[in-house]
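The residues making up each chain are set out below.
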Amino acid sequence: MTSFVRPFVRRVGLTLLACGVGTVLAQSTPPAVPAVPPAMPSVPLSPAPSAGPLNRERLQNATFVIMPPVVIGNASLLGGSDMAAVLGAMSRDSAGALKRHYPGAHFASDPAAPGVIRVTPQMLAPSALVPWATIGARWVFQAPGMPDLVLQQQFGLLTVYLHRAEAANFVFDQLAQQLP
């Protein structure tokens, strides 16, 4: 079971089981990188098909390049093989969510190809694995001659945990719903 959330399932599941009535177990792990993600410029998407730089007409038949995924926040929560599994799921499931939302979309591997839209999946990792923590997902769209577009959403770690093997699909499908 390769999963976006499997590394978190082990730790959060153990934390949830260890919590008694009236007792809160907090696992403190010092962040390896700042827990607060850097501010990203955002360009609002327009629901109208002819308005805005990245409108529905352009996106539904666009060629996307999924860039290498990035973990922002406490990346030390994941070990090497777990990190590779999470990054792989982020890449695969980002492409899958875009394809489900825009069936006419195409995917390429060359980010320098003319007219492609580069999409960088990002995970905003929590500072500690506790049941009340949030995990964020972000897509950064970069199109030639246009400002970057950022879509972002926060999820409760428990909500992501409940989706288990389908966690990355769930997260990125939620982001795709924000697209025109």
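Draft legend 1. Summary view of helix α5 (residues 167–176). The element α5 is extensively covered by neighbouring structure, given that eight of its 10 residues are classed as buried. Those residues of α5 that sit buried are A167, A168, N169, F170, V171, F172, L175 and A176. On its buried side, α5 packs onto α3 (80–101), β4 (117–124), β5 (134–142), β6 (149–156) and α4 (157–162).

Draft legend 2. Structural view of the nonpolar core. Membership of the largest hydrophobic core comes to 43 residues, with the highest contact counts inside it found for F64, I117, W139, F141 and L179. At the level of secondary structure, the elements contributing two or more residues to this core comprise β1 (63–66), α3, β4, β5, β6, α4 and α5.

Draft legend 3. Up close: the pairing of β6. Bridge analysis of β5 against β6 gives eight bridges, and the strand direction is antiparallel. When the sheet's bridge partners are listed, R138 is paired in β6 with Q152. Hairpin connection from β5 to β6: six residues lie between these consecutive antiparallel strands, with G145 at a positive phi of about 75°.

Draft legend 4. Fine view of the packing of aromatic side chains. Counted by the stated rule, this structure contains five aromatic pairs. Taken together, a centroid distance of 5.9 Å and an interplanar angle of 35° make the contact between F64 and F107 tilted. In this pair, F64 sits in strand β1 while F107 sits in strand β3 (residues 106–107), placing the two residues 43 residues apart along the sequence. Grouping aromatic residues by their ring pairs yields a cluster made of F64, F107, W139, F141 and F172.

Rules used throughout
- Residues numbered from 1 in each chain as written.
- Predicted model: local features only at pLDDT ≥ 70, side-chain atom pairs only at ≥ 80, totals over all residues.
- Heavy atoms only, no water.
- Buried < 20%, exposed > 50% of the residue type's maximum accessible area, 1.4 Å probe, protein only.
- Helix = DSSP H or I, 4+ residues; strand = E, 2+ residues; numbered from the N terminus.
- Contact = heavy atoms within 4.5 Å.
- Core = buried A, V, L, I, M, F, W, Y, C linked by side-chain atoms within 4.5 Å.
- Pairing = 2+ DSSP bridges.
- Phe/Tyr/Trp six-rings, centres within 6.5 Å; stacked < 30°, edge-to-face > 60°.

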